[in-house]
Amino acid sequence: MSLFGGTIHTLQNSLDYASAKNRTISTNIANIDTPDYKAKDVAFKSVLNDALSDSLPAKRTHEKHIPFGDYSQSSFKTITRNNTAYNHNGNNVDVDKEMSELAQNQIYYQALVDRINGKLGSLQKVIRGGN
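If you're wondering where the values come from, they're calculated on a predicted model, not measured in any experiment. (Residues numbered from 1 in each chain as written. Predicted model: local features only at pLDDT ≥ 70, side-chain atom pairs only at ≥ 80, totals over all residues. Heavy atoms only, no water.)

Undergrad: Would you take a moment to explain the overall build of the protein for this structure?
TA: Of the regular secondary structure elements, the protein holds three helices and two strands. Listing the helices and strands of the protein from first to last along the sequence gives α-β-α-β-α. Scored against the burial criterion, the 131 residues of the protein give a buried share of 24%. Partitioning the intrachain contacts of the protein with sequence separation of at least 6 by distance along the chain shows that 73% fall at a separation of at least 24. (Helix = DSSP H or I, 4+ residues; strand = E, 2+ residues; numbered from the N terminus. Buried < 20%, exposed > 50% of the residue type's maximum accessible area, 1.4 Å probe, protein only. Contact = heavy atoms within 4.5 Å.)

So, in structure tokens, the structure goes:
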């Protein structure tokens, strides 16, 4: 029996994604002057689409039922952006883009942490008897 019906697990996976994205952005910024360094990104949507298209067929009794599949693997992966070169040395890190993504990711991460704190605060309140 799950206390939160899978919410904590989903939030945990989301925090893992946000942490991986933060590490990737930090690595990109740290290598801004490295010759021939190619910026990396954390992909989520493409992995999700691949998982949905590769799902195992199952007998569905209604057309609105979701097909079954194994979604236990990580829902994101790190990819390299090879299609651009912004600097004369072959480096394709755009500091403005990276800083913008970093700020957006920090807001996303903080929202997830606030949500987990709310869930755990609710549990703590129940344990204390509503006080």
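Undergrad: Please explain the side chain of Glu-101 as it appears in this structure.
TA: Tracing the sequence through the fold places Glu-101 in helix H3 (residues 95–127). For Glu-101, a relative accessible area of 14% gives the class buried. With residues up to four places along the chain from it excluded, the contact list for Glu-101 reads Lys-21, Ile-25, Asp-41 and Arg-81.

Undergrad: Explanation requested: unusual backbone geometry in the structure shown.
TA: A negative phi angle characterises most non-glycine residues, just as the trans form characterises most peptide bonds. Backbone geometry at Asp-36 places phi at a positive 60°, although glycine is not the residue there. Structurally, the position occupied by Asp-36 is in the loop between helix H1 (7–30) and strand E1 (40–43).

Undergrad: Whenever I open this one, H3 confuses me. Can you help?
TA: Along an α-helix, residues three or four positions apart point the same way, because every turn accommodates 3.6 residues. Taking 1.5 Å as the rise per residue, H3 with 33 residues should run 48 Å; its terminal C-alpha atoms sit 47 Å apart, in good agreement. Those residues of H3 that sit buried are Glu-98, Glu-101, Leu-102, Asn-105, Leu-112, Ile-116 and Lys-119. (Expected span 1.5 Å × (residues − 1).)

Undergrad: Looking at this structure, how should I read the side chain of Asn-92?
TA: Take Asn-92: it is sitting in the loop between strand E2 (77–80) and H3. On the basis of relative accessibility, which here comes to 1%, the residue Asn-92 falls in the buried class. A polar side-chain atom of Asn-92 sits 2.5 Å from the main-chain carbonyl oxygen of Arg-81. (Polar contact = N/O pair within 3.5 Å; in protein donor to acceptor, adjacent residues only side chain to side chain.)

Undergrad: Explanation requested: the pattern of salt bridges in the structure shown.
TA: Note on pairing: side chains with opposite charge can pair once their charged atoms come close. Enumeration according to the criterion identifies four salt bridges in this entry. In this structure, Asp-41 and Lys-21 form a salt bridge, with 3.0 Å as the shortest nitrogen-oxygen distance. Here Asp-41 is found in strand E1, whereas its partner Lys-21 is found in helix H1, with 20 residues between them in sequence. With a shortest N-O distance of 3.7 Å, Glu-101 and Lys-21 are connected by a salt bridge. A residue pair is termed long-range when its members are at least 10 positions apart, and Glu-101 in helix H3 and Lys-21 in helix H1 qualify at 80 residues. Each of Lys-21, Asp-41, Lys-97 and Glu-101 takes part in salt bridges that share partners, so that together they form one network. (Salt bridge = Lys/Arg side-chain N within 4 Å of Asp/Glu carboxyl O.)

Undergrad: Any chance you could explain the environment of Glu-98 here in plain terms?
TA: Structurally, Glu-98 is set in helix H3. Along the backbone, Glu-98 and Ile-25 are 73 residues apart, and their C-alpha atoms lie at a distance of 6.1 Å.

Undergrad: Got a minute to help me understand H1 in this structure?
TA: Taking 1.5 Å per residue as the helical rise, H1 with its 24 residues ought to reach 34 Å, and the 34 Å between its terminal C-alpha atoms agrees with that figure. Buried residues of H1: Leu-11, Ser-14, Leu-15, Tyr-17, Ala-18, Ala-20, Lys-21, Thr-24, Ile-25 and Asn-28, and no others. Residues of H1 that are buried make contact with E1, E2 and H3.

Undergrad: Please clarify how the packing of H1 against H3 should be interpreted in this entry.
TA: Relative orientation and spacing of two packed helices are given, respectively, by the angle between their axes and the distance between those axes. Remark: H1 packs on H3, axes separated minimally by 9 Å, with the N-to-C direction vectors making an angle of 155°. Our classification of the angle between H1 and H3 gives roughly antiparallel. In this structure, H1 crosses over H3, and the sense of that crossing is left-handed. When the residues that make up the contact of H1 with H3 are grouped by side-chain class, the tally is 14 nonpolar, six polar and five charged. (Axes fitted to C-alpha atoms, helices over the stretch in contact; angles between N-to-C directions. Parallel < 35°, antiparallel > 145°, perpendicular 65-115°, else oblique. Left-handed = near helix turned anticlockwise from the far one by under 90°. Nonpolar A, V, L, I, M, F, W, Y, C, P; charged D, E, K, R; others polar.)

Treat this as a map of the structure, not an account of what it does.
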